[in-house]
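# Coordinate analysis (summary)
Take a look at the letters that make up each chain.
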Amino acid sequence: MHVSLEVPIDNYILCKAALLAVPEAAICGRSAARLWGAIVPDSADVEILLNRKQRTLIKGLRMHRPAQPPPTTMRYGLRVTTPEATFLKLAGELGLVDLVVAGDTLCKKATTPQKLVAAAAAFRGKRARLAREAAALVRSRVDSPQETKVRLLMVLAGIPEPTVNIVFRDEEGNIKRRIDMGYRKLRLGVEYDGRQHAENDEQWQNDIDRREEFDELEWRLIILRSPDLFVRPDLALARVAKALASKGVIVHLKQDWRRHFPVRRAAA
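Residues numbered from 1 in each chain as written. Predicted model: local features only at pLDDT ≥ 70, side-chain atom pairs only at ≥ 80, totals over all residues. Heavy atoms only, no water.

## As for the pairing of strand β4 (residues 72-75)
A regular strand places its side chains on the two faces of the sheet in alternate fashion. Pairing geometry for β4 and strand β5 (residues 78-81), over 4 bridges, is antiparallel. Counted as the bridge partner of Met74 is Arg79 from β5. The antiparallel hairpin formed by β4 and β5 contains 2 residues in its connecting segment, where Tyr76 sits at a positive phi of about 55°. (Pairing = 2+ DSSP bridges. Helix = DSSP H or I, 4+ residues; strand = E, 2+ residues; numbered from the N terminus.)

## Concerning the layout of surface pockets
Empty space within the largest pocket amounts to approximately 480 Å³. If you go around the largest pocket, you meet 20 residues; those closest to its centre are Gln68, Pro70, Leu88, Lys89 and Phe123. Element by element, the count of residues in the lining of the largest pocket is highest for helix α3 (residues 83-90), at 4 residues. Residue composition of the lining of the largest pocket, by class: 10 nonpolar, 6 polar and 4 charged. (1 Å grid on protein atoms, 1.4 Å probe; cavity = no way out; pocket = protein on both sides within 12 Å on 5 of 7 lines; lining within 4 Å. Points joined across faces, edges and corners; volume = space filled by probe spheres on them. Nonpolar A, V, L, I, M, F, W, Y, C, P; charged D, E, K, R; others polar.)

## Considering the packing of aromatic side chains
Summed over the entire model, instances satisfying the criterion amount to 4 aromatic pairs. Between the aromatic rings of Tyr12 and Tyr76, the centroid separation amounts to 6.4 Å while the plane-to-plane angle is 90°, which identifies the pairing as edge-to-face. With a gap of 64 residues between them, Tyr12 in helix α1 (residues 11-21) and Tyr76 in the loop between β4 and β5 connect regions that are remote in the sequence. The partly exposed category is assigned to Tyr12, whose relative accessible area is 28%. Cluster of aromatic residues (ring-pair linked, three or more members): Phe168, Phe214 and Trp219. (Phe/Tyr/Trp six-rings, centres within 6.5 Å; stacked < 30°, edge-to-face > 60°. Buried < 20%, exposed > 50% of the residue type's maximum accessible area, 1.4 Å probe, protein only.)

## A short note on the sheet that holds strand β9 (residues 220-224)
Within the open sheet, the 4 strands sit side by side as β6-β7-β8-β9. Their pairing is mixed. Strands at the two margins of the open sheet, each flanked by one partner only, are β6 (163-169) and β9. Looking at each pair of strands side by side, their axes are set apart by 45° on average, direction ignored. Contacting β6, β7 (175-183), β8 (188-192) and β9, helix α7 (residues 145-156) runs over the sheet at an angle of about 35° to β7. Against the sheet, helix α10 (residues 233-246) contacts β7, β8 and β9, and its axis sits at roughly 175° relative to β9. (Axes fitted to C-alpha atoms, helices over the stretch in contact; angles between N-to-C directions. Contact = heavy atoms within 4.5 Å.)

## Quick look at the pattern of salt bridges
Here the structure, examined in full by the defined rule, presents 13 salt bridges. Between Glu93 and Lys89 there is a salt bridge, with its nearest N and O atoms 3.2 Å apart. We classify Glu93 as partly exposed; its relative accessible area is 21%. The class of Lys89 is partly exposed, set by a relative accessible area of 26%. Residues Arg187 and Glu218 are paired through a salt bridge, measuring 3.5 Å at the closest nitrogen-oxygen approach. In this pair, Arg187 sits in the loop between β7 and β8 while Glu218 sits in the loop between α8 (201-216) and β9, placing the two residues 31 residues apart along the sequence. On the accessibility criterion, Arg187 (38% relative accessible area) is partly exposed. The class of Glu218 is exposed, set by a relative accessible area of 57%. Residues joined in a network through salt bridges with shared partners are Arg30, Glu47, Arg62, Lys89 and Glu93. (Salt bridge = Lys/Arg side-chain N within 4 Å of Asp/Glu carboxyl O.)

## Concerning a negative patch on the surface
Taken together, Asp209, Glu212, Asp215 and Glu216 make up a surface patch of like negative charges. Within the secondary structure, Asp215 is located in helix α8. (Patch = residues over 30% accessible without salt bridge, like charges linked within 9 Å, V, L, I, M, F, W, Y side chains within 5 Å. Areas by Shrake-Rupley, 256 points an atom, 1.4 Å probe, with all protein chains shown as cover. Lys, Arg positive; Asp, Glu negative; His and termini not counted. Charge placed at Lys NZ, Arg CZ, Asp CG, Glu CD.)

## Observations concerning the nonpolar core
One finds Ile27, Ile48, Phe87 and Met154 to be the most contacted residues of the largest nonpolar core, which totals 66 residues. Each residue touching Met154, except ones within four places of it in the same chain, is listed here: Ile159, Pro162, Met181, Tyr183, Val190, Leu237 and Val240. Of all hydrophobic cores here, the second largest spans 6 residues; its members include Phe168, Ile179, Trp219 and Leu221. (Core = buried A, V, L, I, M, F, W, Y, C linked by side-chain atoms within 4.5 Å.)

Next up, the structure:
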């Protein structure tokens, strides 16, 4: 396969080249997940699904020969495992947090939480328990992997699960504002802000206006940033628990989150 130097070599190009090299194969694993729009950890090779009788060895391809081949379909003209089968394959190599991130992002375009739960319930393969646990935690309408991680951090710490993507509409029914997640009845929102600072004066002013609008609605917003997830998650959880307590909801924090969120050292 030859492509112009101007064409970026992305996952689709690599997958297409893999199927040209092995036409009988199907894309699977992390390579399939990316074709479906999921966000997964990087992998060096293209993953393909082979018939057990084939013995092809090609550098750059990671080959899988399961005893019972999973269902496949077409995506962008390429043979690929279905979103649900892709999710189950990922359960064999990802941890809980990365697997739920993959599930949330799969559900943006390719499948639904209900389909993943059903597929996991029927799954009898390696790490079936993890597949079922992760599928039960997958949600639709989640905008970013970091929002998924914030939600999981809270849930694994014993905090009541927040509703994701809370929408506020104007009198005509148009969407006016959104909150990443929160508790509508309590008027408490939790948001992840990945920016280090406001990009410009206009953005800064928009943030101020937005905060004042929620103040008028008597909503409290807790803003979490990258250090709250990776450096000081214990303090972030304490902030959320304290805010819930101010609304009359008492939470006794658990420590289960520590197995899934290794804490990094703060930069000196």
